[in-house]
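Chain by chain, the residues:
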Amino acid sequence: MVFLIFIIIALFIIEPRWYNNIYISAIILLINLLYYTEKIFFNQDFSEQVVNITGYVFVFAFIPLVMATMSVLTYFNSKVLLEKEGRKKSNLFIGLIGVAVNIVLVYYIYSMYPNTGNKYSEAGFFYVLGLFVYFTMMYSATALYVVLYNWRPIAYKPDYIIILGSGLIGDQVPPLLASRIVKGVQQYKKYGGYPLIITSGGQGSDEKVAESYAMKQYIHKHYPDIPDEAVVMDDQSTTTYENMLCSKKIIMKRFGAKARGIFVSNNYHILRASYYAKRAKLRANGVGSKTAFYYVPNAFTREFIGLLEMFKWRHIALVVLFTIFSVLVFRTM
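Below is a summary of the structure that appears in this document.

Conventions used here
All residue numbers refer to positions counted from 1 along the written sequence of the respective chain. Given that the model is predicted, a residue must reach a pLDDT of at least 70 before its local features are reported, and side-chain atom pairs must reach 80 or more before they are shown or counted; all residues, however, enter totals for whole chains, interfaces and linings. To get the side-chain values, all heavy atoms of the structure are used, and hydrogens and water are removed first. Pairs of strands are assigned from DSSP output, requiring at least two bridges between the strands. We count a stretch as a helix when DSSP gives it H or I for four or more residues in a row; a strand needs E for two or more, and each element gets its number in order from the N terminus. Axis angles are defined between N-to-C directions and span 0 to 180 degrees, where every axis is a line fitted to C-alpha atoms and, for a helix, only to the segment in contact. A pair of Phe, Tyr and Trp rings is counted when the ring centres sit within 6.5 Å of each other, with Trp represented by its six-membered ring. The angle between the planes then sorts it: under 30 degrees is stacked, over 60 is edge-to-face, the rest tilted. Three exposure classes are used, based on accessible area relative to the maximum for each residue type with a 1.4 Å probe and protein chains only: buried under 20%, partly exposed in between, and exposed over 50%. Definition used: whenever NZ (Lys) or CZ (Arg) falls within 6 Å of the ring centre and also within 35 degrees of the ring normal, the charge is taken to sit over that ring. The term nonpolar core refers to a set of buried residues drawn from Ala, Val, Leu, Ile, Met, Phe, Trp, Tyr and Cys, joined through side-chain atoms within 4.5 Å. One less than the number of residues in a helix, times 1.5 Å, gives the span that helix is expected to have. We call two residues in contact when some of their heavy atoms are within 4.5 Å. For classification, angles of less than 35 degrees are called roughly parallel, those exceeding 145 degrees roughly antiparallel, those between 65 and 115 degrees roughly perpendicular, and all remaining angles oblique. Residue type decides the class: Asp, Glu, Lys and Arg count as charged, Ala, Val, Leu, Ile, Met, Phe, Trp, Tyr, Cys and Pro as nonpolar, and the leftover types, Gly among them, as polar. Within 3.5 Å is the distance limit for a polar contact, defined as a pair of N or O atoms, with the added protein rule that one can donate a hydrogen and the other accept it, and that residues adjacent in sequence qualify only through two side-chain atoms.

**Description of the sheet that holds strand E4 (residues 261-266)**
Part 1 of the argument: Spatially, five strands are ordered E3-E2-E1-E4-E5 in an open sheet, and the strand pairing comes out parallel. Strand pairing shows two members of the sheet lacking a second neighbour, strand E3 (231-234) and strand E5 (284-289), which therefore form its edges. Pairwise comparison of adjacent strand axes, ignoring direction, gives a mean angle of 25° for this sheet.
Part 2 of the argument: Of the pairings in the sheet, the one linking E4 to E5 comprises six bridges and is parallel in character. Bridge pairing in E5 links Ser-265 to Gly-288.

**A short note on the packing of aromatic side chains**
Part 1 of the argument: Inspection of the entire model under this criterion finds 10 aromatic pairs.
Part 2 of the argument: Ring geometry for Tyr-139 versus Phe-304: centroids 5.1 Å apart, planes at 75°, classification edge-to-face. Within this pair, whereas Tyr-139 is found in helix H5 (residues 119-151), its partner Phe-304 is found in helix H10 (residues 296-310), the two being separated by 165 residues in sequence.
Part 3 of the argument: Taking the relative accessible area as the measure of exposure, Phe-304 reaches 5% and is therefore buried.
Part 4 of the argument: Following the ring pairs from residue to residue traces out a cluster consisting of Tyr-19, Tyr-23, Tyr-275 and Phe-311.
Part 5 of the argument: Of note, Lys-157 hangs over the ring of Tyr-194, and the distance from its end group to the ring centre comes to 4.5 Å.

**With respect to the nonpolar core**
Part 1 of the argument: Formed by 39 residues in total, the largest nonpolar core has its most connected members in Tyr-160, Ile-162, Met-244, Phe-263 and Tyr-275.
Part 2 of the argument: Secondary-structure elements contributing two or more residues to this core are helix H2 (20-41), H5, strand E1 (160-164), strand E2 (196-200), helix H8 (240-254), helix H9 (270-279) and H10.
Part 3 of the argument: Within the second largest apolar cluster, 24 residues are counted, among which are Leu-168, Ile-181, Tyr-218 and Val-287.

**Describing helix H7 (residues 211-222)**
Part 1 of the argument: In this model H7 runs 16 Å from its N-terminal to its C-terminal C-alpha over 12 residues, within 8% of the 16 Å that 1.5 Å per residue would give.
Part 2 of the argument: Within the sequence span of H7, burial applies to Glu-211, Ser-212, Ala-214, Met-215, Lys-216, Tyr-218 and Ile-219.
Part 3 of the argument: Those residues of H7 that are buried are in contact with E1, helix H6 (175-190), E2 and E3.

**Thoughts on H8**
Part 1 of the argument: Helix length check: H8 (15 residues) gives 21 Å between terminal C-alpha atoms against 21 Å at 1.5 Å per residue, within 8%.
Part 2 of the argument: Taken together, the buried positions of H8 are Thr-240, Asn-243, Met-244, Cys-246, Ser-247 and Ile-251.
Part 3 of the argument: For H8, the elements touching its buried residues are E1, E2, E3, E4 and H9.
Part 4 of the argument: Backbone geometry just after H8 places Gly-256 at a positive phi near 95°.

**Description of the packing of H9 against H10**
Part 1 of the argument: Remark: H9 packs on H10, axes separated minimally by 10 Å, with the N-to-C direction vectors making an angle of 30°. Taken as axis vectors, H9 and H10 run roughly parallel relative to one another. Residues Leu-271, Arg-272, Tyr-275, Tyr-276 and Arg-279 of H9 pack against Glu-303, Gly-306, Leu-307 and Met-310 of H10.
Part 2 of the argument: Looking at the contact of H9 with H10 residue by residue, the classes come out as five nonpolar, one polar and three charged.

**Description of the side chain of Asn-21**
Part 1 of the argument: Among the structural elements, Asn-21 can be located in helix H2.
Part 2 of the argument: Since its relative accessible area comes to 0%, Asn-21 is described here as buried.
Part 3 of the argument: A polar contact is formed between the side chain of Asn-21 and the backbone oxygen of Glu-15, at a distance of 3.3 Å.
Part 4 of the argument: Not counting chain neighbours up to four residues away, the residues in contact with Asn-21 comprise Ile-8, Leu-11, Phe-12, Glu-15, Pro-16 and Tyr-145.

**Topic: the side chain of Ser-289**
Part 1 of the argument: When you line up the elements, Ser-289 lands in strand E5.
Part 2 of the argument: Residue Ser-289 is classed as buried on the basis of its relative accessible area of 2%.
Part 3 of the argument: In this view, Ser-289 contacts Ser-179, Arg-180, Lys-183, Ser-265, Asn-266 and Asn-267; residues no more than four positions away in its chain are not counted.

**What about the environment of Arg-254?**
Part 1 of the argument: As for its position among the elements, Arg-254 is in helix H8.
Part 2 of the argument: Residues Arg-254 and Tyr-160, 94 residues apart in the sequence, show an inter-C-alpha distance of 9.7 Å.
Part 3 of the argument: In this view, Arg-254 contacts Leu-196 and Val-232; residues no more than four positions away in its chain are not counted.

So this is what it looks like as structure tokens:
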């Protein structure tokens, strides 16, 4: 355990933008869960009766209670989002997660009833439970790693600051994007006005102007002390990866390959953005702007799904291996 913690700290210092760091974090969480579960519920110092009672309580009450709590929280968060952000499909996402958790919960409770299950239903139950544990551990490890990444200080003077776009309302900068601009300007002033500010974002189908243009106008309006030449635009990109690639062209012309910088996005998004920066071979780490708390669960869950898709082949490979293992175990039953 100590060795694994040492490894994750060392890897985080060397290269925080390495996705396998999350796998190691998930393993640490799982080992701790198993260790403390055994200590609390199955300690040999307890009497056999207490062991049986606490074991049954854990398996048949605690796990379903956690699932039920998760579903209630997801429904509540979805309700708050709909009230504050409007009836958008994206705001229903966290509620759909709650529905999925409820389906697993119902199947879990059904499988606990005596004489209702057979060998096939038991095998299916443990297979689904295994997948639930895997993705729950990955979700938890990713959440902790995002917090850790946000706390990581920038240990160098950046040559540039990329402010990532997040959508406009017509030609107006919404609060979410404004928070990124404010954080970017704070970083610019922190380093004495030295870094070049790159506003990055093209024009969407429902936007009147390019995001980069709207962001630059916002800076000039609210921060007139920042000279025009200190802000350049990337108005071609439409995705986070394109943000990095298009900004890289500007950086290479201005500073060359050895330039180091930072990119600014909301705190829930900077980890995934850092992987795109690494993929684009940019020497840059992220700085996160604050996000309204009610918005974080839904936004982070969508980020987690985005990370699963981004690294889908390794997840598919692990699920396939788990499936093969489950089939082999089932054949021995």
